[in-house]
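Below are the chains, spelled out letter by letter.
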Amino acid sequence: WLSAFFDLFLTPFGAFNAQGLLYIVLGWWAAWLLINEVTRRPDIAFLFGFPFGMGLHVFRDLNWYTIEKAAVFWIPLYAWALIRAHDRGGKWRWLAAITFLGMSFTNLYLGLVSALLAVLVVAALSIRAARTKEISLAFKNTFAAAAASAILVMPLVGWQFALMSGGEQLASPEQFLWERAALDSFTLSPLKWNRLEIHRALNLIALGLAIIGVVAQRNDRRVQLAAAGILSFSLLSLGPELITGGPHNPVYMTAWYTVPGFWRIAKPETFFHVSWMLILTIAAIQLKAFNVDRRGVLVFYAVFVAAWMIMVRSHPVYPTMTMPIDVKMNPNATQRAFQK
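Each value, and the rule that gives it
Residues numbered from 1 in each chain as written. Predicted model: local features only at pLDDT ≥ 70, side-chain atom pairs only at ≥ 80, totals over all residues. Heavy atoms only, no water. Helix = DSSP H or I, 4+ residues; strand = E, 2+ residues; numbered from the N terminus. Rg over C-alpha atoms; globule rule 2.2 N^0.38 Å. Buried < 20%, exposed > 50% of the residue type's maximum accessible area, 1.4 Å probe, protein only. Lys, Arg positive; Asp, Glu negative; His and termini not counted. Charge placed at Lys NZ, Arg CZ, Asp CG, Glu CD. 1 Å grid on protein atoms, 1.4 Å probe; cavity = no way out; pocket = protein on both sides within 12 Å on 5 of 7 lines; lining within 4 Å. Points joined across faces, edges and corners; volume = space filled by probe spheres on them. Nonpolar A, V, L, I, M, F, W, Y, C, P; charged D, E, K, R; others polar. Pairing = 2+ DSSP bridges. Axes fitted to C-alpha atoms, helices over the stretch in contact; angles between N-to-C directions. Parallel < 35°, antiparallel > 145°, perpendicular 65-115°, else oblique. Left-handed = near helix turned anticlockwise from the far one by under 90°. Contact = heavy atoms within 4.5 Å. Expected span 1.5 Å × (residues − 1). Salt bridge = Lys/Arg side-chain N within 4 Å of Asp/Glu carboxyl O. Polar contact = N/O pair within 3.5 Å; in protein donor to acceptor, adjacent residues only side chain to side chain. Core = buried A, V, L, I, M, F, W, Y, C linked by side-chain atoms within 4.5 Å. Patch = residues over 30% accessible without salt bridge, like charges linked within 9 Å, V, L, I, M, F, W, Y side chains within 5 Å. Areas by Shrake-Rupley, 256 points an atom, 1.4 Å probe, with all protein chains shown as cover.

Moving on to the overall build of the protein chain. When helices and strands are counted, the protein chain shows 16 helices and three strands. For 340 residues, the compact-globule formula gives about 20 Å, and the C-alpha radius of gyration of the protein chain, at 21 Å, lands near that figure. Projected onto the principal axes, the alpha-carbon positions of the protein chain cover approximately 60 × 50 × 45 Å. Put simply, the protein chain has 340 residues, and 49% of those count as buried. Averaged over its 28 positive side-chain charges, the protein chain has a centre that lies 8 Å from the centre of its 17 negative ones.

Spelled out as structure tokens, the structure:
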């Protein structure tokens, strides 16, 4: 539907390209919003928004037909809206919910991973409330935002379940699990993010700063929550196996058995987008703790751009940006696809 919107003003080819370029800009901007909200350092937020919006994974999705999977800007945008709802309440609770609805209507994968993020945040606040024996206004605000998100998205979820329960299924739940989810995941051996080398898919400087931050800022509640999120979403991103051909992943399999519709997940690697967002946030917190001035941030930015040119721009999956190529589909392709 997004491509169709741009098609009102552009050629189909131009509409597709405009959508892809917009996702890159929005990814960087949304990550900047979130990190700036946490650090109150716009320059540092600009720096760490770069590897999120301009990451290799985003460009790989733009290179293929799965352009909707490149709309990862919704994840930090929703996280930012949740923080605003937590701190300020009021209209931000419903704005967070509207953001969640827009994200889910763009891509239900992103809606699912962000729903789990909201659950994690509410669970952490609930534990804190149980310890202090006091329900704070911030907890009420966050819970209201999460509840409003669930309410607004229910018609869309019901519609999706109706589509999934009607007509022919493309494959059985077990086939989706072992022939798709087990392949499109974050793998530990070899260490790759959905077939992308980890040293090219991630910014290693940011990753190193995040590791230092987890250790150095371990008493910071924001870092504690982010570290818990990184662990949780990283385990989910591994898919049904902890190691390819190895033992089953109990975290993923528990979700597979208990969460309605979870069997339809074909790309668990999507969960790692949340981990990456949180890693960059911790890295920004740590860089701020180092009291790096704007000149220092500019030096980091120059290094980031140079690394991006070497690691991302030169990668084989980077879009080739060709002119339109006419392709005619075989008229019998649909019938063959659904033959038993």
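Turning our eyes to something else, we now look at the layout of surface pockets. Approximately 1000 Å³ is the volume attributed to the second largest pocket. Along the wall of the second largest pocket there are 30 residues; nearest its centre are Val121, Leu125, Arg221, Arg222 and Leu225. In terms of residue count, helix H7 (residues 108-132) provides more of the lining of the second largest pocket than any other element does, nine residues in total. Looking at the lining of the second largest pocket, its residues break down into 19 nonpolar, four polar and seven charged.

Strand order across the open sheet formed by three strands is E1-E2-E3, with antiparallel pairing between neighbours. On the outer flanks of this sheet lie strand E1 (186-188) and strand E3 (196-197), each paired with one strand and no other. The pairing of E1 with strand E2 (residues 191-193) spans three bridges and is classified as antiparallel. When the bridges of E2 are listed, Thr187 appears paired with Lys192.

Turning our eyes to something else, we now look at the packing of helix H5 (residues 74-88) against H7. Two elements in contact, H5 and H7, have axes whose closest approach is 10 Å; the angle formed by their N-to-C orientations is 30 degrees. Between H5 and H7, the crossing angle belongs to the class labelled roughly parallel. Crossing handedness for the pair H5 and H7: right-handed. Every residue of H7 that contacts H5 at Trp74, Ile75, Tyr78, Ala79, Leu82 and His86 is listed here: Leu110, Val113, Ser114, Leu117, Ala118 and Leu125. Residue composition of the contact of H5 with H7, grouped by class: ten nonpolar, two polar and no charged.

Attention shifts here to helix H14 (residues 272-289). Between its first and last C-alpha, H14 extends 26 Å over 18 residues, near the 26 Å set by a 1.5 Å rise per residue. Following H14 by one or two positions, Asn291 has its phi on the positive side, about 60 degrees.

What follows is about the packing of helix H11 (residues 204-216) against H14. For the pair H11 and H14, interaxial distance at closest approach is 7 Å and the crossing angle is 70 degrees. With respect to H14, the element H11 is oriented roughly perpendicular. Handedness of the crossing formed by H11 with H14: left-handed. Of the residues in H14, those in contact with Ala206, Leu207, Leu209, Ala210, Ile212, Gly213, Val214 and Ala216 of H11 are Trp276, Ile279, Leu280, Ile282, Ala283, Gln286 and Leu287. Taken together, the residues of the contact of H11 with H14 break down into 13 nonpolar, two polar and no charged.

Below, the discussion takes up the pattern of salt bridges. A complete count under the given rule lists ten salt bridges for this structure. Notably, a salt bridge pairs Asp43 with Arg41, separated by 2.8 Å at the nearest N-O pair. Assigned by exposure class, Asp43 and Arg41 land together as buried. A salt bridge links Asp184 to Lys267, with the shortest nitrogen-to-oxygen separation between them at 3.9 Å. Separated by 83 residues along the polypeptide, Asp184 in the loop between helix H9 (173-181) and E1 and Lys267 in the loop between helix H13 (250-258) and H14 bring together distant segments of the chain. Neither residue differs from the other here; Asp184 and Lys267 are each classed as buried. In the salt-bridge network here, residues are joined through shared partners; they are Arg180, Asp184, Arg195, Lys267 and Glu269.

Along the chain, the position of Ser149 falls in helix H8 (residues 137-165). One polar contact links Ser149 to Tyr78, side chain to side chain, over a distance of 2.9 Å.

With 101 residues, the main nonpolar core has Phe48, Phe59, Trp193, Tyr252, Val274, Trp276 and Met277 as its most contacted residues. Take this core: its biggest share by element is twelve residues, from H14. With residues up to four places along the chain from it excluded, the contact list for Phe59 reads Ile24, Met54, Trp308, Val312, Val317, Tyr318 and Pro319.

As a further point, take a nonpolar patch on the surface. On the surface, Trp1, Phe105, Trp159 and Leu163 cluster together to form a nonpolar patch covering roughly 500 Å² of accessible area. Here Phe105 is to be found in helix H6 (residues 91-106).

Moving on, we get to unusual backbone geometry. The peptide bond linking Ser189 to Pro190 adopts the cis configuration, its omega dihedral lying at 0 degrees. As for its position among the elements, Pro190 is in the loop between E1 and E2. Phi at Lys133 takes a positive value of approximately 55 degrees, unusual for a residue other than glycine. When you line up the elements, Lys133 lands in the loop between H7 and H8.

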